[in-house]
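# Descriptive structure summary
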Amino acid sequence: MHWALRIFCLLAGGAIFLGALGFARILHSSLPKLQGEIVAVRLAAPVTVERDASGVPTLTGRTRTDLAWALGYIHAQERFFQMDLLRRSAAGELSDLVGRAALERDRAVRVHRFRDRAGAVLTAMRPDERGVLEAYAAGVNKGLDELGAAPFEYFLLFSRPDGWKTEDTILIVHAMYLTLQDPDGVTERRRAGALEALGQPLADFLFPEGTAWDAALDGSSLPTPEMPRSTVKHAGLSAPSGESWTEPAVPGSNAFAVGGSASGRGAAIIANDMHLGLREPNTWFRARLILQESEGDTLDIAGVTLPGAPNIVAGSNGRVAWGFTNSYADTSDVVVLEPADGKQDWYLTPDGPKQLTRVEERLCAACPERETLIVEESIWGPVVGRDAKGRKLAYRWIAHDPVAVNLRGGLALERAASAREALDIAHHMGIPHQNMVAGDAQGNLGWTITSALPRRFGADGRTPTSWADGRAGWNGYLAPDEIPVIYNPPGARIWTANQRVVGGEALGKLGVGPYAHGARARQIRDDLFARTEFAEPDLLAIQLDDRGLLLQRWQGLLLQSLRERAQAPQYARLIPAVENWMGRAATESIGYRLVRDFRLELISTIYSHYLPATPLPETQPRRLPTNQADEPVWRLLRDRPPGLVPSGFENWDAVIGSALAKVAATLETEAGGRLEAFTWGLFNHAGITHPLAPALPGIVGMVIDPPDEPQPGDVYQPRVASPGFGASVRFVVAPGHESEGIYHMPTGQSGHPLSPYYNRGHDDWAKGRPAPFLPGEARWRLTFLPR
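A short tour of the structure in this document, coming up. (Residues numbered from 1 in each chain as written. Predicted model: local features only at pLDDT ≥ 70, side-chain atom pairs only at ≥ 80, totals over all residues. Heavy atoms only, no water.)

On a plain count of helices and strands, the protein chain comes out with 25 helices and 27 strands. Whereas a compact globule of 787 residues would reach a radius of gyration of roughly 28 Å, the protein chain reaches 27 Å, a difference of no more than 12%. Considering only C-alpha atoms, the protein chain reaches an extent of 80 × 75 × 70 Å along its principal axes. Counting every position in the protein chain, which comprises 787 residues, the buried fraction comes to 60%. Long-range contacts, defined as pairs at least 24 residues apart, comprise 73% of the intrachain contacts of the protein chain with a sequence gap of at least 6. A total accessible area of about 30800 Å² is found for the protein chain, and carbon and sulfur atoms account for 53% of it. The average position of the 80 basic charges and that of the 90 acidic charges among the side chains of the protein chain differ by 2 Å. (Helix = DSSP H or I, 4+ residues; strand = E, 2+ residues; numbered from the N terminus. Rg over C-alpha atoms; globule rule 2.2 N^0.38 Å. Buried < 20%, exposed > 50% of the residue type's maximum accessible area, 1.4 Å probe, protein only. Contact = heavy atoms within 4.5 Å. Areas by Shrake-Rupley, 256 points an atom, 1.4 Å probe, with all protein chains shown as cover. Lys, Arg positive; Asp, Glu negative; His and termini not counted. Charge placed at Lys NZ, Arg CZ, Asp CG, Glu CD.)

Pasting the structure below:
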């Protein structure tokens, strides 16, 4: 037995050694090619790729299709696994690669059947657009084929990568729709649930469409809902005792600008930081494209690309700079399907009863047995659920339409010569609906919404509605000249931070979506008007502003509440930290974390006791049901109406006492009661990991992932940061002055841990140090030659 155990250990050790040796060889073989010459069939002229020390490429070519081919090659060699995950996530095909772990997500996504819709989009594309996509796909496949081994992730998954199809780039855009917009109408369904549970007055109060913090560009404000004095509607509808909800870290961005009169350069200056989930590698890939179409006619574009797509997403072309924030415009409606009498799976339409179409989708090719998902589709879209009366709900979403995706808008934007032209192009783009902020070298600047918007009639889209009688629905899309635009506003400043941007008739066209709370936008607006002249570092300072202005009044309430209970040692010891909270989301602040937790516990307690509990998977946290919850809860605690005390509490003091007790309990469970171990930075760390890191040994994750350092900032101020979420890119640039621009990006260019520039530049992002917008001196040169 002793010898058998020794032999087994030797064999196991040998197997581990050989496996590690094989993995090391694969890692080395899968490094991208950085230098030399490569012959390519599809090129019309040579293309050079010069990378700087951080791996940022400058691609120089004679045609846009040639540049697309070369960019595809580079994307594949640096980021193919990321591209693969994106296309699969949109198509509902992740389980084909990773198995049952992704099956639940695939079920939710496959109802949209984006793989089929991508084919329809491609068929409808113009020949010039399709030519660029085909060239890009060919470059991707060439780059993938010329790796010495498949990216290391496939070795770990015991799999092989599939080639890139032209329609996969369409799926990349669909993936962003799934990230940036409601994929299932949850906002409208939540409003309907609140109306049913609470009645109109209390629902309007708890779910306001705006607050006093709003910072619309046009200066508009929305009416403040009246606070009902009492209600019986919510009696008995309390969530489970002790249940807590989380503050949403919603995908969004900051994009703001100053015009030439305030820039000190004569040109506008654009600042953009896009907030997304953070992974290793990063969402974006930096690039500079130089297009030399004819003698003396050169287009020079620098900015960020999205691996899987052939264009610059945001950046500057020397004449115009542009950036984006998620608009949260209402681009979808939940349609109540009225059942046809006596006919199962039939529903009423303006043209008479129709039967739901049933489509079988096969899931999880990597599972021992594939699963069949039945997707039901109506003329308005797929069935996504049922209402309280058991009626099926269909989802009319613009992402399902061919107009939702195109390449021509992005390619035209690369060539825009003025801010006005860029804003006009925005209305013809096919991307998830963004606030576009654009400025030009002459100092002009403006804002608008990208992409097609629905033309509604008969209903405003706030709650699920029946379209059966033809009195409500969509009648095509708004004409480009109907979409709101703000150009060269008084004050020469523009700010967007996912908030409601306009009011009145313009808001009616955009619809009321789940806009972000206005605190972040207001802080940016006030920073912009705090001085008369700006340079690039001044706008970076706004991006890095971590002051917690929204929490100031909550700090006062917490301090007052603690002093009133100072006879209790567990509360008295908190007073100095709250008094000296610094007023910022600083990593070393204890008081900031206490104030933040206190506010969140109050909001969570009040909403969870008003609203009925919603069953959720154990792994899914309960998010606050509205981004505007801060204001209603503050008004309740300020006015303390006896008739609205949540069920289970004697009075409002008891509500506050419950929140304090939960904060004290959190201090015990998360820091062992030690205040010095309860700093904001110990909670708010970078949290950036590779998608496969949870399945890898800890030491491997330490090598692959960037340092998990404390991060200043939070979700309420310009410097947005939470674990695994935050600024996926920051840049500040004035068109024509790109050499003075600033750029930050977490992680780095390469997805390969042996790359000489792996995670290069991450520390600049983490520390907020200015780094150049343009690539530096070339370190490696790769030339593609036509055959």
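There is more to say after this.
Right, let's get into helix H5 (residues 114–124). Taken as a whole, H5 has its buried residues at Phe114, Arg117, Ala118, Val121 and Leu122. The buried side chains of H5 occupy one side of the element, clustering within an arc of 145° when seen end-on. (Arc of directions from axis to C-beta.)

Spatially, the 11 strands line up as an open sheet ordered E1-E27-E2-E3-E6-E7-E8-E9-E17-E18-E22, and their pairing is mixed. Of all strands in the sheet, those with a lone pairing partner are strand E1 (36–40) and strand E22 (485–487), marking the two edges. Averaged over neighbouring strand pairs, the angle between their axes works out to 25° when direction is ignored. Against the sheet, helix H2 (residues 64–91) makes contact with E1, strand E2 (47–51), strand E3 (57–61), strand E6 (285–294), strand E7 (297–305) and strand E27 (780–786), and its axis sits at roughly 160° relative to E6, the strand it touches most. (Pairing = 2+ DSSP bridges. Axes fitted to C-alpha atoms, helices over the stretch in contact; angles between N-to-C directions.)

Another aspect to go through is the state of the cysteines. A disulfide bridge is the covalent bond that connects two cysteines by way of their sulfur atoms. Taken as a whole and assessed by the stated rule, the structure comprises 1 disulfide. In this model, Cys364 is linked to Cys367 through a disulfide, with the two sulfur atoms separated by 1.7 Å. Its torsion about the S-S bond being 70°, the disulfide of Cys364 and Cys367 is classed as right-handed. On the accessibility criterion, Cys367 (8% relative accessible area) is buried. (Disulfide = S-S within 2.5 Å.)

Tallied over the full model, the rule gives 55 salt bridges. Here Arg462 ties to Asp460 by a salt bridge, and the two come within 2.7 Å at their closest N and O atoms. Arg462 sits in the partly exposed class, given a relative accessible area of 26%. With a closest N to O distance of 3.6 Å, Glu676 and Arg674 form a salt bridge. With a relative accessible area of 53%, Glu676 lands in the exposed category. Under the relative-accessibility criterion, Arg674 is labelled partly exposed at 45%. Within this structure, Asp84, Arg87, Arg88, Glu93, Arg115, Asp162 and Asp168 form a network of salt bridges that share partners. (Salt bridge = Lys/Arg side-chain N within 4 Å of Asp/Glu carboxyl O.)

A separate point is the packing of H2 against helix H4 (residues 103–110). Close contact between H2 and H4 brings their axes to 7 Å; oriented N to C, the two are set at 60°. Considering the angle they form, H2 stands oblique to H4. Across the interface between the two elements, Ser89, Ala90 and Ala91 from H2 touch Arg105, Val109 and Arg110 from H4. Along the lines of polarity and charge, the residues of the contact of H2 with H4 split into 3 nonpolar, 1 polar and 2 charged. (Parallel < 35°, antiparallel > 145°, perpendicular 65-115°, else oblique. Nonpolar A, V, L, I, M, F, W, Y, C, P; charged D, E, K, R; others polar.)

Here we take up unusual backbone geometry. The general pattern is negative phi for most residues beyond glycine and trans for most peptide bonds. Looking along the chain, the bond that leaves Glu280 and enters Pro281 is cis, with omega of 0°. As for its position among the elements, Pro281 is in the loop between strand E5 (269–277) and E6. The phi angle at Asp345 is positive, at roughly 65°, despite the residue not being glycine. When you line up the elements, Asp345 lands in the loop between strand E10 (332–336) and strand E11 (346–347). When its relative accessible area of 21% is taken as the criterion, Asp345 is described as partly exposed. Although it is not a glycine, Met582 adopts a positive phi angle of roughly 80°. Relative to the elements of secondary structure, Met582 occurs in the loop between helix H19 (575–579) and helix H20 (590–610).

Mapping Asp84 onto the fold places it in helix H2. Residue Asp84 is classed as buried on the basis of its relative accessible area, which comes to 0%. Once you skip the residues sitting within four places of it in the chain, Asp84 turns out to touch Leu97, Tyr154 and Trp164.

Attention shifts here to the packing of aromatic side chains. Summed over all chains, the structure comprises 20 aromatic pairs. Note on Trp69 and Phe784: the rings are 5.1 Å apart at their centroids and 80° apart in plane angle, and the pair reads as edge-to-face. Taken as a pair, Trp69 in helix H2 and Phe784 in strand E27 lie far apart in primary sequence, 715 residues in all. Their ring planes at 55° and their centres at 5.9 Å tell us that Phe731 and Phe773 sit as a pair that is tilted. Of this pair, Phe731 sits in strand E25 (residues 725–733) while Phe773 sits in the loop between helix H25 (762–767) and E27, and the two are 42 residues apart along the sequence. Across this residue pair, the class does not change: Phe731 and Phe773 are buried. These aromatic residues form a ring-pair network of at least three members: Phe114, Tyr177, Tyr395 and Trp397. The side chain of Arg286 reaches across the aromatic face of Tyr743, ending 3.9 Å from its centre. (Phe/Tyr/Trp six-rings, centres within 6.5 Å; stacked < 30°, edge-to-face > 60°. Lys NZ or Arg CZ within 6 Å of the ring centre and 35° of its normal.)

Interpretation note: all reported values are geometric properties and have no functional meaning in isolation.
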